[in-house]
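The residues making up each chain are set out below.
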Amino acid sequence: PQGPVKNDPIIRLAALEVIRGYEDRRFGPGDPTLRAQMAALIARGMFWDTEDHGTLFPDRCNAEGCIDDNLWRNIGTLYY
């Protein structure tokens, strides 16, 4: 459903900068969530977003492109 009931959590999390959406300022609530995106949600919610512990996983890039630096850093933080 469209409207305030569905969008309210998105608006609140965006205001807190827990979610940031796409570069064109839209959100895709029905889109699949990547591991890196979920890591960022957790790291931002715990105020760990600025930590950098390195990331040893080899799968940053694939045929669709590479994971953003900030999202990739969050994976390392959660692993740490």
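Above this text is the structure in question.
It should be emphasised that the depicted structure is a prediction, and the values quoted were computed from it without experimental measurement. (Residues numbered from 1 in each chain as written. Predicted model: local features only at pLDDT ≥ 70, side-chain atom pairs only at ≥ 80, totals over all residues. Heavy atoms only, no water.)

1. Side note on the environment of M46
Piece 1. Mapped onto the fold, M46 is located in the loop between α2 (35-45) and β1 (61-62).
Piece 2. A residue is classified by how much of its surface remains accessible, and M46, at 45% relative accessible area, is partly exposed.
Piece 3. A C-alpha to C-alpha distance of 9.5 Å links M46 and V18, two positions 28 residues apart in sequence. (Helix = DSSP H or I, 4+ residues; strand = E, 2+ residues; numbered from the N terminus. Buried < 20%, exposed > 50% of the residue type's maximum accessible area, 1.4 Å probe, protein only.)

2. Structural notes on the pattern of salt bridges
Piece 1. Applying the stated criterion to the full structure yields five salt bridges.
Piece 2. D49 is paired through a salt bridge with R20; the nearest N and O atoms lie 3.1 Å apart. Of this pair, D49 sits in the loop between α2 and β1 while R20 sits in the loop between α1 (4-15) and α2, and the two are 29 residues apart along the sequence.
Piece 3. Linking R35 and D59 is a salt bridge whose minimum nitrogen-to-oxygen distance equals 2.8 Å. Separated by 24 residues along the polypeptide, R35 in helix α2 and D59 in the loop between α2 and β1 bring together distant segments of the chain. (Salt bridge = Lys/Arg side-chain N within 4 Å of Asp/Glu carboxyl O.)

3. Let's talk about α2
Piece 1. Regarding α2, the residues found buried are A36, A39, A40, A43 and R44. The buried residues of α2 occupy an angular sector of 125° when the element is viewed end-on, so they sit on one face.
Piece 2. Elements that come into contact with the buried residues of α2 comprise α3 (69-79).
Piece 3. Looking one or two residues past α2, F47 carries a phi angle of roughly 65°, positive in sign. (Arc of directions from axis to C-beta. Contact = heavy atoms within 4.5 Å.)

4. Let's talk about the nonpolar core
Piece 1. In terms of nonpolar packing, the biggest core is built from seven residues, these being A36, A39, A40, I67, L71, W72 and I75.
Piece 2. If you list the elements that add at least two residues to this core, you get α2 and α3.
Piece 3. Apart from the residues lying within four places of it in its own chain, the contact partners of A36 are I67, L71 and I75. (Core = buried A, V, L, I, M, F, W, Y, C linked by side-chain atoms within 4.5 Å.)

5. Here's the deal with the packing of α2 against α3
Piece 1. Where α2 contacts α3, the axes come no closer than 8 Å and their chain directions differ by 70°. Of the possible angle classes, the one that applies to α2 and α3 is roughly perpendicular. When you trace α2 past α3, the crossing you get is left-handed. Between α2 and α3, the contacting residues are R35, A36, Q37, A39, A40, I42, A43 and R44 on the first element and L71, W72, N74, I75 and L78 on the second.
Piece 2. Residues of the contact of α2 with α3, tallied by class, amount to nine nonpolar, two polar and two charged. (Axes fitted to C-alpha atoms, helices over the stretch in contact; angles between N-to-C directions. Parallel < 35°, antiparallel > 145°, perpendicular 65-115°, else oblique. Left-handed = near helix turned anticlockwise from the far one by under 90°. Nonpolar A, V, L, I, M, F, W, Y, C, P; charged D, E, K, R; others polar.)

These values are about where atoms sit, not about what they do.
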